[in-house]
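# Remarks on the overall topology
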Amino acid sequence: GAGVSQTPSNKVTEKGKYVELRCDPISGHTALYWYRQSLGQGPEFLIYFQGTGAADDSGLPNDRFFAVRPEGSVSTLKIQRTERGDSAVYLCASSLHGGARNEQFFGPGTRLTVL
Amino acid sequence: SQQGEEDPQALSIQEGENATMNCSYKTSINNLQWYRQNSGRGLVHLILIRSNEREKHSGRLRVTLDTSKKSSSLLITASRAADTASYFCATAVNTNAGKSTFGDGTTLTVKP
């Protein structure tokens, strides 16, 4: 079956604009994760969903960032009033069940560039 | 700040040689995972080792965990050019949390 997919693969926007990044997890996976990766660094945790609810949103850097997963499948990461520092690759991952012991399958990421 | 730190930052070896990468972390963990990332692509899970395990093997990969030293190592034996990638360790603090904390990775180059 298909892996985790993310759209768009690339997004260029201007400072101050609003963007939405989409993640389609592997079918049947109950857990979904968002990470952000800057050049030369490892992924940085943003938020973790178990089903429809955000089980851990401690990684969201500020209130400009918000994520939803209304039907427990597709998730959208929303960034308001984008800043140049938001430029990074945004990675989504899913796992069959939640919890730290479960292998996370990563998507290819969305490269966000804020001009 | 990142929980895990990989060492070295970059490693260059000849095909056929072994590659060893190390990861140190700061707090007690439930498990530690190693991932590979090819340039411009997503991460691929390699192996998970639990805090009560000391060593694990998967094909040409060998992972060790020393909880007393808060460190782990990833050994790739008989390396191939296709092993060229960045390798990251990620730690999870407790079983129920989904959050994994990644280090900044080791960039491995295997020369043919």
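Now for a look at the structure at hand. Worth saying up front: this structure is predicted, and the values here are computed from it rather than measured. Per-chain numbering applies: the sequence of each chain, read as written, is numbered from 1 onward. Going through the entries in the order they are written, you letter the chains from A and number the ligands from 1. For this predicted model, a pLDDT threshold of at least 70 governs which residues receive local features, and a threshold of 80 or more governs which side-chain atom pairs are given and counted, while totals over whole chains, interfaces and linings are taken from all residues. Each side-chain value is worked out from all heavy atoms of the structure, with water and hydrogens disregarded.

## Things to note about the overall build of chain A
Counting secondary structure elements, chain A contains zero helices and eleven strands. A helix here means a DSSP run of H or I that spans at least four residues, while a strand means a run of E at least two residues long, and both kinds are numbered starting from the N terminus. Secondary structure of chain A in N-to-C order comes out as β-β-β-β-β-β-β-β-β-β-β. Between the two quantities, the radius of gyration covers C-alpha atoms and the globule rule is 2.2 Å times the number of residues to the power 0.38. For 115 residues, the compact-globule formula gives about 13 Å, and the C-alpha radius of gyration of chain A, at 13 Å, lands near that figure. Projected onto its principal axes, the C-alpha coordinates of chain A cover approximately 35 × 25 × 25 Å. To sort residues, take the accessible area from a 1.4 Å probe on protein chains only and compare it with the maximum for the residue type: under 20% means buried, over 50% means exposed, and anything in between is partly exposed. Looking at chain A as a whole, 46% of its 115 residues qualify as buried. Once local pairs closer than 6 in sequence are excluded, the contacts in chain A between residues at least 24 apart make up 55%. Within the structure as shown, chain A displays about 5400 Å² of accessible surface, and the carbon and sulfur contribution to it stands at 47%. By the convention used here, residues are in contact when the closest approach between their heavy atoms is within 4.5 Å. What sets the accessible areas is the Shrake-Rupley method with a 1.4 Å probe; for residues, cover comes only from the shown protein chains.

## Focus on the interface of chain A and chain B
If you look at the interface, chain A gives 20 residues, while chain B gives 24 residues. Summed over both partners, buried area is the accessible surface (1.4 Å probe) that two parts give up on being assembled. Of the roughly 1700 Å² buried at the junction of chain A and chain B (both faces included), carbon and sulfur atoms supply 52%. The term salt bridge refers to a side-chain nitrogen of Lys or Arg lying within 4 Å of a carboxyl oxygen of Asp or Glu. Counting every contact that joins chain A to chain B gives zero salt bridges. Counting residues per element, the side of chain A that touches chain B draws most heavily on strand β4 (residues 31-37) of chain A, at three residues. Note on residue classes: Ala, Val, Leu, Ile, Met, Phe, Trp, Tyr, Cys and Pro are nonpolar, Asp, Glu, Lys and Arg are charged, and everything else, Gly too, is polar. Taken together, the residues that form the side of chain A that touches chain B break down as nine nonpolar, eight polar and three charged.

## Points about the side chain of S95 of chain A
Residue and element names in this part refer to chain A. Along the chain, S95 falls in strand β9 (residues 88-95). Two N or O atoms count as a polar contact when they lie within 3.5 Å, although within protein this holds only if one can serve as hydrogen donor and the other as acceptor, and sequence-adjacent residues are included solely when both atoms are side-chain atoms. Side-chain polar atoms of S95 contact the side chain of Y33, separated by 2.8 Å. In this view, S95 contacts H29, T30, A31, Y33, N102, E103 and Q104; residues no more than four positions away in its chain are not counted.

## Considering the pairing of strand β11 (residues 106-111) of chain B
The side chains of a regular strand alternate, residue by residue, between the two faces of the sheet. Residues and elements named next belong to chain B. Here β11 shows a buried face lined by T106, L108 and V110 and an unburied face lined by T107, T109 and K111. Two strands pair if DSSP finds at least two bridges between them. Here five bridges tie strand β2 (residues 10-14) to β11, and the two strands are oriented parallel to one another. Looking at the pairing, S12 lines up with T109 of β11. By the bridge criterion, three bridges tie strand β9 (residues 85-92) to β11 in an arrangement that is antiparallel. In the strand pairing of β11, S86 is matched with T107.

## A short note on the sheet that holds strand β8 (residues 75-79) of chain A
Residues and elements named next belong to chain A. Read from one edge to the other, the open sheet built from four strands follows the order β1-β3-β8-β7, with strand pairing classed as antiparallel. A strand with exactly one partner marks an edge of an open sheet, and here the two such strands are β1 (5-7) and β7 (65-68). For this sheet, the mean angle separating the axes of adjacent strands, direction not counted, is 15°. Of the pairings in the sheet, the one linking β7 to β8 comprises four bridges and is antiparallel in character. To obtain each axis, a line is fitted to C-alpha atoms, and for helices this fit is confined to the stretch in contact; angles are then taken between N-to-C directions over 0 to 180 degrees.

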